[in-house]
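Fold and contact review
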Amino acid sequence: MTTVRPSLSFAVALVAGSSAALVIAAAAHAADPAAVQTQISQTMVSVAFEASSVEGVPDYLAGRLALVDGSAVADQPLTFWRSADFGGARTIELGTGSTDSGGIARIPIVPREERYRITVRFAGTNELAPSETVGEIAFPPETVIHPEHAPQGGVIDPRLRPLANFMPGLVGGAVALVWLVLFAVTAITLIRVMSEGRRR
Amino acid sequence: MDDVTAPRDPSAAQPSLAELAVRPMVHAGRGFWLVALIAALVAGVGAVGYAVQLGSGLGVTGLNDQVFWGIYEATLVTFIGFSYGGALVSAILRLVDASWRGRVTRIAEATALATLLVGALFPIIHLGRPERVLLILFQPNFESPIVWDLVAIATYIVATVILFGLPLIADLGILSEHPALGPRRRRFFRWLSFGWRGTSGQRRALERALTVIAILIVPLAVIVHTVLSYAFSLTSRPGWHSTIFGPYFVIGAVYSGVAIVILTALAYRRAYGLREWIDDRVIRNLGYVLVALAVAYGYVTFTEITTQGYVSEAADANVLYALVFAEYSPLFWAFLGFGLLLPVVVMAVPRLRTGAWIGLASAGVIVAMYIKRLLIIVPAEAQPLIGGATGVYSPSWVELAIVAGGGGGIVLILLVTFRLVPVLAIHEIGEIEGRGEEPARSASVVAIEVTT
């Protein structure tokens, strides 16, 4: 069973997101009387990181969708994006989750960096206005995975460690030998063909 | 010098080997341009798909948290499998000194190279962020199968380039005096042929080198495909974590590789009137190889299913049930029918051992083996490991476009290759069949005067 620990940042983000959405919603209502006529309910979204306390169970990004009065909106899709610098600044879609009865949608996440700028977007429906929030999420260091720096590829039984240390060198040596033979055979053949070609 | 370049007597009914071999190089009919245009368009659509994926991330694919591989991985295994079959056909026929090998070795080697070059792109396409491939070079984790995948594929590319390139030296030397080719191209060929004059010393050196490379490429190809299978078998997932995966992948690769060589040979035979050299006997011989591999692949499939089904661990049983009786069963039975049964039937009935039927069986094998790779990947991934619903996968248009683009790219590379180099191994055919081992081909062999 998954056990998650809502972090402090969740509450902070929730309050901040709610406040911002309230202001935006109020402004939108004031500026757009049509919204009242069609009875579209304003929504607000917040985002937080939920670190798992159970080994093997993933950490989650959690987005909460609520009406301006704070009541949860269930069964609606929330899409999660992160900002990245890849061929220029851009956002990368992380995934989509559906809100539960508490208005929370979760997607598993493996952070590769200490901080992500996360955008959670609700596209809206005929009755619910679209909304989005952008939050800077700081991940606890123990949850961040740096695959390029992973120590020795994974968990290896310590008794097998000598084998794990020995094998890459052995295989690497064999590969080097193959490359040597390939290039040597090619070079020798080309030299022989050329020298024979020059001979009258 | 091998005197096969001389045009035959105009009164002779059949063109010489060299004339036939250079035909695709000097003559590009409407058919060629039509196929090239379609292949380029398909490759272009693939490029557009990749641009979309590059801009938006892997979210535009049908991949998800559960089914994290998909048709990219299936395509990688398939294309590299094609190349393996091509290289092995060439290498093994060379080692056993098959008298008919010269007629298909060039096609087999070019197919191997084209499919390998395109197939090797798919791990990078699958990365989503292609620049991350550099991490394997600059920060390698030597205990990761991915690092060794890269090493194995790179080594195999080098070996395949050499296997394709070395025999070309002799042919380019021969064609450097062929009047059908323009003076610039002849000069270029002369330069690329390293002064080839066909002396006994040159022929001996080339023969020795090709024997060494052929010996080397057999275990190399086995290793490459075994390492490729490590991506599955070193993963603790139902249906994957099995020692049979190495041989399973190797046999599957040769099997589909031989099928693509047959199809390519048939296509060039038909397009350029090469029936005299790529005759039904050659296709039939390849068909026999195909049927032997069909039986071998059937055996490993049976072994895999039996060992999993007999022990019936819960997760394995779920995957097996989905495969044989539930949501994936239409694909599974289609694989058995087209992939294993059809070639056996075609080669078992004497009347069906024709180019058309063997070509049909080969096309069936290619489609069936692609399905099989998907069946290895998707059902195992869809099986939840920590609870929850079974995963679902449906490839998006982006994935389909990129995979189709890869196929278009292979066709395009082959078309361009055989516009640049001869489709038949002129020197090799001259060497083997000029020895008089092929009395049945005497009419054409007369045109090949091998001077020693």
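Sequence order as written defines the numbering, with residues in each chain counted from 1. All chains are assigned letters beginning with A, and all ligands numbers beginning with 1, in the order in which they are written. In keeping with the predicted nature of the model, local features appear solely for residues at pLDDT of at least 70, side-chain atom pairs appear and are counted solely at 80 or more, and the whole-chain, interface and lining totals rest on all residues. By convention in this description, side-chain values take in all heavy atoms of the structure and omit both hydrogens and water.

Below, the discussion takes up the interface of chain B and chain A. By definition, residues are in contact when any of their heavy atoms lie within 4.5 Å. Facing 39 residues of chain B, the contacting portion of chain A comprises 35 residues. Taking both partners together, chain B and chain A bury about 3100 Å²; carbon and sulfur atoms supply 67% of that area. Here a salt bridge means any side-chain nitrogen of Lys or Arg lying within 4 Å of a carboxyl oxygen belonging to Asp or Glu. Our count for the contact surface shared by chain B and chain A stands at zero salt bridges. Think of a polar contact as two N or O atoms within 3.5 Å of one another; within protein, one of them needs to be a possible hydrogen donor and the other a possible acceptor, and neighboring residues in sequence only count if both atoms come from side chains. There are five residue pairs in polar contact (both at pLDDT 80 or more) connecting chain B and chain A. Numbered from the N terminus, helices here are DSSP runs of H or I no shorter than four residues, and strands are runs of E no shorter than two. Where the side of chain B that touches chain A is concerned, the elements lending two or more residues are α2 (30-56), α7 (145-175) and α9 (200-233) of chain B. Per element, the largest residue contribution to the side of chain B that touches chain A is 10 residues, and it comes from α9 of chain B. In this description, buried area is defined as the sum, over both parts, of the accessible area (probe of 1.4 Å) that is lost when the two are combined.

As a further point, take empty space enclosed by the protein. All names here are of chain B. Put plainly, a pocket is an open set of points on a 1 Å grid over the protein atoms alone with protein on both sides within 12 Å along at least five of seven lines, a cavity is a set where a 1.4 Å probe fits but cannot get out, and a lining residue has an atom within 4 Å of a point. Grid points are joined across faces, edges and corners, and a volume is the space filled by probe spheres set on the points. According to the stated counting rule, one finds two cavities of 30 Å³ or more in the structure shown. Counted as a void, the largest cavity has a volume near 120 Å³. Residue lining of the largest cavity: 16 residues in total, with Gly239, Glu304, Val319, Leu323 and Leu375 positioned closest to the centre. The set of elements that each furnish at least two residues to the lining of the largest cavity consists of α10 (245-272), α11 (280-311), α12 (314-324) and α14 (355-382). Examining the composition of the lining of the largest cavity, we find that four residues originate from one element, α14, more than from any other. Throughout this entry, Asp, Glu, Lys and Arg are counted as charged residues, while Ala, Val, Leu, Ile, Met, Phe, Trp, Tyr, Cys and Pro are counted as nonpolar. The remaining residues, Gly among them, count as polar. Partitioned by chemical class, the residues of the lining of the largest cavity number 12 nonpolar, two polar and two charged. Volume-wise, the second largest cavity comes out at about 40 Å³. Around the second largest cavity, the lining residues are Val77, Tyr248, Phe249, Gly252, Ala253, Tyr297, Met369, Arg373 and Ile376. Counting only elements with at least two residues in the lining of the second largest cavity, the list comes to α10 and α14. For the lining of the second largest cavity, the element with the most residues is α10, which contributes four residues. A per-class count over the lining of the second largest cavity returns seven nonpolar, one polar and one charged.

Next up on the list: the nonpolar core. Buried Ala, Val, Leu, Ile, Met, Phe, Trp, Tyr and Cys residues form a nonpolar core when they are joined through side-chain atoms within 4.5 Å. Only protein chains enter the accessibility calculation, which uses a 1.4 Å probe. A residue is then buried if its area is under 20% of the maximum for its type, exposed if over 50%, and partly exposed in between. If you look at the biggest cluster of nonpolar residues, it comprises 147 residues, and the most contacted ones within it are Phe122, Leu166, Phe232, Tyr255, Tyr297 and Leu424 of chain B. Sorting elements by how many residues they give to this core places α10 of chain B first, with 17 residues. Once you skip the residues sitting within four places of it in the chain, Phe122 of chain B turns out to touch Tyr72, Thr75, Leu76, Phe79, Ile402, Val403 and Gly406 of chain B. Counting 20 residues, the second-largest nonpolar core is a separate cluster that includes Val45, Val73, Leu78 and Ala105 of chain A.

All right, on to the packing of aromatic side chains then. Two aromatic rings, drawn from Phe, Tyr or Trp (for Trp, its six-membered ring), form a pair once their centres lie within 6.5 Å of each other, and the interplanar angle then sorts them: stacked below 30 degrees, edge-to-face above 60, tilted otherwise. In this structure the tally under the stated criterion is 24 aromatic pairs over all chains. A centroid spacing of 5.8 Å and a plane angle of 40 degrees characterise the contact between Trp179 of chain A and Phe183 of chain A, whose relative ring orientation is tilted. Remark: Phe183 of chain A and Trp179 of chain A occur in helix α3 (residues 161-198); sequence separation between them is four residues, near one turn of the helix. Overall, the relative accessible area of 27% leaves Trp179 of chain A in the partly exposed class. Assessed through its relative accessible area of 44%, Phe183 of chain A is described here as partly exposed. Put simply, the rings of Phe68, Trp69, Phe232, Trp240, Phe245, Tyr248, Phe249, Tyr255, Tyr297, Phe332, Trp333 and Phe335 of chain B touch in pairs and so form one group of aromatic residues. In this structure, Lys372 of chain B is placed above the aromatic ring of Phe335 of chain B, and the distance from its NZ or CZ to the ring centre is 5.6 Å. Placement of a charge over a ring requires the Lys NZ or Arg CZ to be within 6 Å of the ring centre, with the centre-to-atom vector within 35 degrees of the ring normal.

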